[in-house]
Amino acid sequence: MNKYTFSNKILLTVLVLSAAILNAQNIRAPKALLPPVALRPDIKVEHVMAVAPKSVRILYDKSTKAVYFTCYDGEVYRIKNIHAENPLAEKILSVDDHGIPRLQGAAIYKNTLFLTGNTKVNNGLGNKGRMVRYDLKSNEKPVMSVVFNTVEYGTNRTVFDHGWNALEISPDGKYIFVNSGARTDHGEVQDNNGAWPNARNGALTSKIFRFPIDSKDLILPDDEAKLKADGYIFADGIRNAYDLAFDGAGNLFGVSNSSDYDHNEDMFWIRHGHHYGFPWVVGGIENPQQYPDWQPNPDTDPFIPRSAHAWAVRYFRNDPDFPKIPAGVKFSPGIQNLGPDANEYRGHSGKILDGDLTGVTVSTFTPHSSPLALFFDSKKNLSKDLRGDGFTIRYSLGARSALMKPFTDQGADLLHLDLSYDKGTDNYFVKTKRIVEGFNGATDAVMIKNNVFVIEYGAAGGNIWKISLPR
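### Here we look at empty space enclosed by the protein
One simple way to see leftover space: roll a probe sized like a water molecule over the atoms.
Part 1 of the reasoning: Taken as a whole and judged by the stated rule, the model has one cavity of 30 Å³ or more.
Part 2 of the reasoning: As a volume, the largest cavity reaches approximately 40 Å³.
Part 3 of the reasoning: Along its surface, the largest cavity is lined by Gly 237, Arg 239, Ser 256, Asn 257, Asp 266, Phe 268, Tyr 276, Phe 278, Val 281 and Val 282.
Part 4 of the reasoning: Secondary structure elements with two or more residues in the lining of the largest cavity: β19 (266–269) and β20 (281–282).
Part 5 of the reasoning: Across the lining of the largest cavity, the residue classes tally to five nonpolar, three polar and two charged.

### Observations regarding the sheet that holds strand β16 (residues 233–236)
Picture the strands of a sheet paired through backbone hydrogen bonds; they go either parallel or antiparallel.
Part 1 of the reasoning: A sheet is described by the order of its strands in space; here four strands give the open sequence β12-β13-β14-β16, paired in antiparallel fashion. Each having just a single partner strand, β12 (164–169) and β16 make up the two edges of the open sheet. If you compare each strand with its neighbour and ignore which way they point, the axes differ by 20° on average.
Part 2 of the reasoning: As paired elements, strand β14 (residues 207–212) and β16 share three bridges and run antiparallel to each other. Bridged to Lys 207 within β16 is Asp 236.

### A look at the layout of surface pockets
Part 1 of the reasoning: Approximately 1100 Å³ is the volume found for the largest pocket.
Part 2 of the reasoning: Contributing to the lining of the largest pocket are 37 residues, with Tyr 60, Lys 62, Glu 168, Ser 378 and Val 446 lying nearest its centre.
Part 3 of the reasoning: Listing elements by their share of the lining of the largest pocket, those giving two or more residues are β3 (55–61), β7 (102–109), β12, β17 (241–246), β25 (371–376) and β29 (442–448).
Part 4 of the reasoning: When the residues that make up the lining of the largest pocket are grouped by side-chain class, the tally is 20 nonpolar, five polar and 12 charged.

### Some points on the side chain of Arg 239
Part 1 of the reasoning: Tracing the backbone through its elements, the reader meets Arg 239 in the loop between β16 and β17.
Part 2 of the reasoning: Here the side chain of Arg 239 touches Asp 185 through a polar contact of 2.7 Å, landing on its backbone oxygen.
Part 3 of the reasoning: Within the structure, Arg 239 has its side chain in polar contact with the backbone oxygen of Ser 258 (distance 2.9 Å).
Part 4 of the reasoning: In this structure, Arg 239 is in contact with Phe 160, His 162, Gly 181, Ala 182, Thr 184, Asp 185, Ser 206, Ser 256, Asn 257, Ser 258, Ser 259 and Phe 278, ignoring residues within four places of it in sequence.

### Things to note about the pattern of salt bridges
Part 1 of the reasoning: Applying the stated rule across the entire model yields 20 salt bridges.
Part 2 of the reasoning: Across the pair Asp 230 and Lys 226 runs a salt bridge, and its minimum N-O distance is 3.5 Å.
Part 3 of the reasoning: Judged by its relative accessible area of 42%, Lys 226 falls in the partly exposed class.
Part 4 of the reasoning: Note that Glu 437 and Arg 434 form a salt bridge whose closest N and O atoms lie 2.6 Å from each other.
Part 5 of the reasoning: Residue class for Glu 437 comes out partly exposed when judged on its relative accessible area of 25%.
Part 6 of the reasoning: A network of salt bridges, in which partner residues are shared, links Lys 207, Glu 224, Lys 228 and Asp 236.

### Quick notes on the pairing of strand β13 (residues 175–180)
Part 1 of the reasoning: In terms of residue burial, β13 counts as a mostly covered element, since five of its six residues are buried.
Part 2 of the reasoning: Here β12 runs beside β13; their pairing, made up of four bridges, is antiparallel. Residue pairing for β13: Trp 164 is matched across the bridge by Ser 180.
Part 3 of the reasoning: Between β12 and β13, which pair antiparallel one after the other, the connecting turn spans five residues, and Gly 173 there sits at a positive phi close to 75°.
Part 4 of the reasoning: Where β13 lies against β14, six bridges are found, and the strand directions are antiparallel. Each bridged residue has a counterpart across the sheet, and for Ile 176 the counterpart in β14 is Phe 211.

### Describing the sheet that holds strand β2 (residues 44–51)
Part 1 of the reasoning: Within the open sheet, the four strands sit side by side as β2-β31-β30-β29. Their pairing is antiparallel. Strand pairing shows two members of the sheet lacking a second neighbour, β2 and β29, which therefore form its edges. Neighbouring strand axes in the sheet, compared pairwise and without regard to direction, differ in orientation by 20° on average.
Part 2 of the reasoning: Where β29 meets strand β30 (residues 451–456), six bridges bridge the pair, whose relative direction is antiparallel. Following the sheet pairing, Ala 445 is matched in β30 by Val 454.

### Observations concerning the packing of aromatic side chains
Part 1 of the reasoning: Following the criterion strictly, the structure yields 21 aromatic pairs and no others.
Part 2 of the reasoning: With a centroid separation of 4.7 Å and 10° between ring planes, the pair formed by Phe 69 and Tyr 77 is classed as stacked.
Part 3 of the reasoning: Take Phe 69: its relative accessible area is 0%, and that puts it in the buried class.
Part 4 of the reasoning: The class for Tyr 77 is buried, based on a relative accessible area of 0%.
Part 5 of the reasoning: Arranged with centres 5.0 Å apart and planes meeting at 85°, the rings of Phe 177 and Phe 234 form a pair that is edge-to-face. Of the two residues, Phe 177 is situated in strand β13 and Phe 234 in strand β16; the sequence distance between them amounts to 57 residues.
Part 6 of the reasoning: Members of the aromatic cluster, each reached through a chain of ring pairs, are Phe 148, Trp 164, Phe 209, Phe 211 and Tyr 232.
Part 7 of the reasoning: Positioned above the aromatic ring of Tyr 242, the side-chain terminus of Arg 57 is 4.2 Å from the ring centre.
Part 8 of the reasoning: When the ring centre of Trp 269 is taken as reference, the NZ or CZ atom of Arg 271 above it lies at 3.7 Å.

Thresholds, definitions, all that
- Starting afresh in each chain, residues are numbered from 1 along the sequence in its written order.
- Where totals are concerned, whole chains, interfaces and linings use all residues; where local detail is concerned, this predicted model gives features only for residues with pLDDT of at least 70, and gives and counts side-chain atom pairs only at 80 or more.
- Excluding hydrogens and water, the side-chain figures rest on all heavy atoms present in the structure.
- Only protein atoms enter the 1 Å grid, on which a cavity is a set of points fitting a 1.4 Å probe that cannot get out and a pocket is an open set with protein on both sides within 12 Å along at least 5 of 7 lines, lining residues being those with an atom within 4 Å of a point.
- Grid points are joined across faces, edges and corners, and a volume is the space filled by probe spheres set on the points.
- Each helix corresponds to a stretch of at least 4 residues labelled H or I by DSSP, and each strand to a stretch of at least 2 residues labelled E; elements are numbered beginning at the N terminus.
- Charged means Asp, Glu, Lys or Arg here, nonpolar means Ala, Val, Leu, Ile, Met, Phe, Trp, Tyr, Cys or Pro, and polar covers whatever is left, Gly included.
- Think of it this way: DSSP has to see at least two bridges between two strands before they count as a pair.
- Angles here are taken between N-to-C directions and fall from 0 to 180 degrees, while the axes themselves are lines fitted to C-alpha atoms, restricted in helices to the stretch in contact.
- Polar contact criterion, stated in full: a pair of N or O atoms within 3.5 Å, where within protein one must be able to donate a hydrogen and the other to accept it, and residues adjacent in sequence count only if both atoms are side-chain atoms.
- Whether two residues touch is decided by their heavy atoms; if any such pair falls within 4.5 Å, the residues are in contact.
- Definition used for salt bridges: Asp or Glu carboxyl oxygen within 4 Å of a side-chain nitrogen of Lys or Arg.
- Categorising residues by exposure relies on relative accessible area from a 1.4 Å probe, with only protein chains included: less than 20% of the type maximum marks a residue as buried, more than 50% marks it as exposed, and the intermediate range marks it as partly exposed.
- Only rings of Phe, Tyr and Trp enter the pairing, Trp through its six-membered ring, and a pair is recorded when the two centres are within 6.5 Å. The plane angle decides the type: under 30 degrees is stacked, over 60 is edge-to-face, the rest tilted.
- Only lysine NZ and arginine CZ atoms are considered, and such an atom sits over a ring when it is within 6 Å of the ring centre and within 35 degrees of the ring normal.

Pasting the structure below:
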């Protein structure tokens, strides 16, 4: 197997970090920290700073050269001079300011900050999506306006209610795109103990939405026909594109997390009006629950991991009322991975296989690896073999993930994505290479010239790392 293999030497040098205090919250760096490891000699890894707990997004405003990060619980921080020896972060917003207690998405454009996320309502039975903007140009407190609120729709009490998260602004600055993930694992009924009878996914979930960037005070209905008529639904059938990014040519891409079934994790070229298959096809594999005679059993279906939460709580089940594929809908497939990395898959025989050995392409990455951050060298700052290419970071580490471990011990890494368009299939293929490993819960990244700043989520506090790629 011609995998990109590396030495098993353990890095003995430990970074001893000074305590960092963020906006008087006493956020302290770990006493000892092993940094991520570069898998190429021309890549350098440096620790930048410790960050607040549950940090999920990192942003760069090209117009002001300021860097920001946001936290799941609603805080927004501005970093003072991220290139300094000891950068500091000041909190500029909290949940009391913007009213988004589950803050999952953020984007910035010309000193205007956009935030999106979710609010539980009706005693936890319902959810409302929300997006706001802040004008940061004033030296005084930022001024907020509302982009949209949704009507209440059914939430549930599972780990599969993904909500509104990824944000991306079109290169021309005219539109803002937002992902609203599925409220199910794989299209099963999630009725929240009967509060929402027969509810699966609806008009406000498992879609990519697009709004004019100057939109204000919109109310989004739980009505797919109305949302389409207003031009807000951009693409459908994506389980959860947790990050979106444009390449240098203006093409929109997204990385999506798949279900507890052994589907591969998708990357899509996202185009207006396209449907990407969820919940009928995920990771290039049909969802068997759509067939009335399916009787789920790990003994007879090796794609069901016994350790999966969806199996433990019986979300995999015989489901004769599963909705049929809408008439006239044609699914757009995911980007096919040519390897040499992140292309393990489970074959139809049930055996775990490697695309390098079988010559099979997969859609797109190793099952359960959870690709989160996605970005491109859109300004072509990097060296020839990386110039103009894409990158993603996988959250999961196979060695520590019960679902991913049968496929590989790898993961928690930065992948180089060499994309190429194929006219015959009208889609992209990707060559995938691991170039940095050893992150600890990385959730987002931003590229500034040839430097990538990666932020890690941590319940007690995370870190920002600087990855210097060759110019």
